[in-house]
Amino acid sequence: ASTSKALPSTTFTADENTEFSAIVNEASKYCTEATAAFISGAKSLDEYDKFIKDLKDLKIDRAIEIYQAALDRYNNRK
């Protein structure tokens, strides 16, 4: 039996979708590059705090807020 749970089917407003997509695309690209650099040793793990700061500069917290708003709307439909 599978114990994994799927994320609920949330819906974004048109504005949220545009903003969320832009943020996540940039953050995802950055994460992919940084992960490869950390694994290969091109970046030291001492730079992890900078990595987190860079994600915050890419507005990842805003993407979380947008997703939370969509999740709240989903939960309120029940």
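This one's a predicted model, so the numbers in the text were calculated from it and none came from an experiment. (Residues numbered from 1 in each chain as written. Predicted model: local features only at pLDDT ≥ 70, side-chain atom pairs only at ≥ 80, totals over all residues. Heavy atoms only, no water.)

Draft legend 1. View of the overall build of the chain. Within the chain one finds three helices and zero strands. Here the C-alpha atoms of the chain give a radius of gyration of 16 Å, more than 25% beyond the 12 Å that 2.2 N^0.38 yields for 78 residues. A principal-axis box enclosing the C-alpha atoms of the chain has dimensions of 45 × 40 × 15 Å. The buried share of the chain, taken over its 78 residues, is 19%. The contacts in the chain between residues at least 6 apart in sequence include a share of 77% that link residues at least 24 apart. Summed over all atoms, the accessible surface of the chain reaches about 5,900 Å², with 55% contributed by carbon and sulfur. Positive and negative side-chain charges of the chain, numbering 11 and 13 respectively, have mean locations separated by a distance of 6 Å. (Helix = DSSP H or I, 4+ residues; strand = E, 2+ residues; numbered from the N terminus. Rg over C-alpha atoms; globule rule 2.2 N^0.38 Å. Buried < 20%, exposed > 50% of the residue type's maximum accessible area, 1.4 Å probe, protein only. Contact = heavy atoms within 4.5 Å. Areas by Shrake-Rupley, 256 points an atom, 1.4 Å probe, with all protein chains shown as cover. Lys, Arg positive; Asp, Glu negative; His and termini not counted. Charge placed at Lys NZ, Arg CZ, Asp CG, Glu CD.)

Draft legend 2. Molecular detail of the pattern of salt bridges. Applying the stated criterion to the full structure yields seven salt bridges. Notably, a salt bridge pairs E19 with R62, separated by 3.0 Å at the nearest N-O pair. Taken together, the residues E19 in helix α1 (residues 14-40) and R62 in helix α3 (residues 60-76) connect sequence positions 43 residues apart. Classification of R62 as partly exposed rests on a relative accessible area of 32%. Between K56 and D61 there is a salt bridge whose closest N-O contact spans 3.1 Å. Here the salt bridges do not stand alone but share partners, grouping E19, R62 and E65 into one network. (Salt bridge = Lys/Arg side-chain N within 4 Å of Asp/Glu carboxyl O.)

Draft legend 3. Summary view of the environment of K50. Positionally, K50 belongs in helix α2 (residues 48-57). In the structure, K50 is positioned 33 residues away from N17 in sequence and 27 Å away in space, judged by C-alpha atoms.

Draft legend 4. Seen up close, the side chain of T10. Within the secondary structure, T10 sits in the segment before α1. Residue contacts for T10: discarding those within four places in its chain leaves Y67, A70, L71 and Y74.

Spatial relationships are all this shows, so hold off on functional conclusions.
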